[in-house]
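Each chain, written out:
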Amino acid sequence: MFKVVKLESGDQVIASWDVVGHLAGWIETLFEASRKLKDCGILSALILNHENKIYFHGGFIAPNLMLPISYATGQEYFGQFPGTREVEMVPLILCLVKKELIEKLPIIPCAGDCIFKDAEYCLKARELGFKVYTTDELIVQYRGKGHALMNKEEFARQFQLNHQFFKNKFGQSYQEKLKYPVVYHTGVESPTGFAIAAKNYIAALLRANVKVYYSHLSSIPEAEPLTDDGLVNDAREVIPSMDLPQIIWGQAPLFFKNSGKYKIGHCEFEGMIIPSSWVPYCNMMHEVWTPTEWDKKKLQDAGVSVPIFTIPQGIDPDYFHPNMAPMKTDAKEKFKFICNATWEPRKNLRQLIQDFTSEFSRNEDVCLIVKTMSSALSQPVKNEVEAIKAPREAAKVYIREDILPPEQIGCFYTMGSCFVLPTHGEGWGLPLFEALACGIPAITTGYGAPNEVLRDDKGEPLPGVHFVDWEEGEAKTPYVYMDGNRWAMPKLDDLQKKMRFVFENYKEEKKKAMATSELIRQKFSWDACAVPIIERLKNIYENN
């Protein structure tokens, strides 16, 4: 059930009776927003459900299941997917339809009642040259709908019929758009940097119409939970083929599991020397990918003889940007140093806490907040923290042992004043890039991937980035591949000096970091990082 309000302009606003609020204000907001949009056919509000979680924030069609799916569905809304953006489809629950589109494609009589028919209307509008948009300038709550009046059996029957009709009508055209079929053999559902990167590589390739098949590296497919990304979950619906290029993203000894026709191994390593045991596995591949020139040189020096290509990692600018709502915290101090890292020797959190508490006293308006989780490479976090002896009058340290849902990680960064991680080495350092994308300064060891990537064309650190001096030292960690290796030992006095500098010059450093935020969100979006992958796949298909 819905009402249609005809405007003087000839545009029409569709509003479901199940949307809560005052229609007059909605109309003005949608109309003014639509006037700024090129080729606008449909503009939808951001729609929350009765629990104030995202019901629909613009959507896409999953090409295998042929289901319309919302971005960020079921997530609490903290500012993810900001602004007004073009999407593939929206539900016709609260939206403005432009006069020019209505003249060519009248509004359907069942608007808002069937997601498949709403999606079909949007796809037909796009075929006519119109664009579909969604905006967070208007946020409304949707309190349920007519199918609640049906019995479950009737709803399921209608859903299946409409789904099959939609799939029959559009399924083939979606499959025909897909190119460069590839199997990603990795893991996507865990809070590790590897899994986060894997999920986002796959999603970015799918957005670029690459046909991605997915295979779980560590176990049977059914053993891995679904992710928060509908596109990635959709890729898991099709059984992969061994007659395709296959990418294993993981530690090099896992490359032995590569069963593809053209074998690609993708790895990174945080120490100074690639383990000798990795080399034969790399040389089993047709080519190897790695995130940086730093890792590429280490692989070559170790004896990897197959071609090596650099494939960067990135951040999701829809979740990591300066306008994410800051997380609530018990910390009352105005200036907040923050860190997001697993508690394990390489991350060097013990030194961070010791150096902070030695440098800052309780009478200063500053604290350190560490978000972390335990690791098999260390004692439980509680035991590790209790073993650290801080001066009695030291500034306060808050330890948050937690795994945050994806939509809240950006909120953690925007709550902070400066990100700091005196790491012994990073193969990439995702949290550094995420924090910078959120517009806060960052302090880290001037070694490894961040030292290469977070510099400008002249070799200077990006604005708001501060590198800590270090010296070479023995790697002390239970991690088997670091046995006998070397890594960076950040200098205590320089870490304290950098923290003090940002604390005392925060206004200027924040301004610099905001400039770097824009650069990170553009240059290191996952869509940008997928470009060299697509170039490699194109080359493989043309030359093999």
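Given the structure is predicted, the values throughout are model-derived calculations rather than measurements.

What counts as what
Residues numbered from 1 in each chain as written. Predicted model: local features only at pLDDT ≥ 70, side-chain atom pairs only at ≥ 80, totals over all residues. Heavy atoms only, no water. Core = buried A, V, L, I, M, F, W, Y, C linked by side-chain atoms within 4.5 Å. Buried < 20%, exposed > 50% of the residue type's maximum accessible area, 1.4 Å probe, protein only. Helix = DSSP H or I, 4+ residues; strand = E, 2+ residues; numbered from the N terminus. Contact = heavy atoms within 4.5 Å. Pairing = 2+ DSSP bridges. Phe/Tyr/Trp six-rings, centres within 6.5 Å; stacked < 30°, edge-to-face > 60°. Axes fitted to C-alpha atoms, helices over the stretch in contact; angles between N-to-C directions.

## Topic: the nonpolar core
The nonpolar side chains of a soluble globular protein tend to be buried with one another.
Then, number 1: One finds Tyr184 and Phe337 to be the most contacted residues of the largest nonpolar core, which totals 97 residues.
Then, number 2: Ranked by residue count, the leading element in this core is helix H5 (residues 193–207), at eight residues.
Then, number 3: The residues touching phenylalanine 337, leaving out its near neighbours within four places in the chain, are Phe356, Phe360, Val366, Cys367, Leu368, Ile369, Cys418, Val420, Ile443, Met499 and Phe503.
Then, number 4: Counting residues in each nonpolar core, the second largest holds 29 residues, with Leu101, Ile108, Leu123 and Phe166 among its members.

## Points about the pairing of strand E8 (residues 84–87)
Then, number 1: Going residue by residue along E8, you find Arg85 and Val87 tucked away on one face and Thr84 and Glu86 left uncovered on the opposite face.
Then, number 2: The sheet contact formed by E8 and strand E10 (residues 131–142) spans four bridges and is antiparallel. Residue pairing for E10: valine 87 is matched across the bridge by valine 132.

## Considerations on the environment of lysine 476
Then, number 1: In this structure, lysine 476 sits in the loop between strand E23 (470–474) and strand E24 (486–490).
Then, number 2: Each C-alpha atom, one on lysine 476 and one on proline 345, is 7.2 Å from the other, the two residues being 131 residues apart in sequence.
Then, number 3: Other than its neighbours up to four places away in sequence, lysine 476 contacts Pro345 and Trp487.

## Let's talk about the packing of aromatic side chains
Then, number 1: Evaluated as defined, the whole model comprises 32 aromatic pairs.
Then, number 2: Arranged with centres 5.3 Å apart and planes meeting at 80 degrees, the rings of tryptophan 294 and tyrosine 447 form a pair that is edge-to-face. Here tryptophan 294, found in helix H8 (residues 293–302), pairs with tyrosine 447, found in the loop between strand E21 (442–445) and helix H13 (448–453); they are 153 residues apart in sequence, far enough to count as distant.
Then, number 3: One aromatic cluster in this structure is built from Phe335, Phe337, Phe356, Phe360, Phe503 and Tyr506.

## With respect to the sheet that holds strand E13 (residues 245–249)
Then, number 1: One open sheet holds the six strands; their spatial order is E12-E11-E13-E14-E15-E16, and the pairing between them is parallel. The sheet is open, and its two edges are formed by strand E12 (210–216) and strand E16 (308–310), each paired on a single side. Between one strand axis and the next, the sheet turns through 25 degrees on average, direction left out of account.
Then, number 2: By the bridge criterion, five bridges tie E13 to strand E14 (residues 262–266) in an arrangement that is parallel. Opposite tryptophan 249, over in E14, you have histidine 266 as the bridge partner.
Then, number 3: Strands in contact with H5 are strand E11 (179–186), E12, E13 and E14; relative to E12, the strand with the most contacts, it is inclined by about 150 degrees.
Then, number 4: In the packing of H8 onto the sheet, contacts are made with strand E15 (287–290) and E16, and the angle to E16 comes to roughly 165 degrees.

Functional significance is not addressed by these values, which are geometric in nature.
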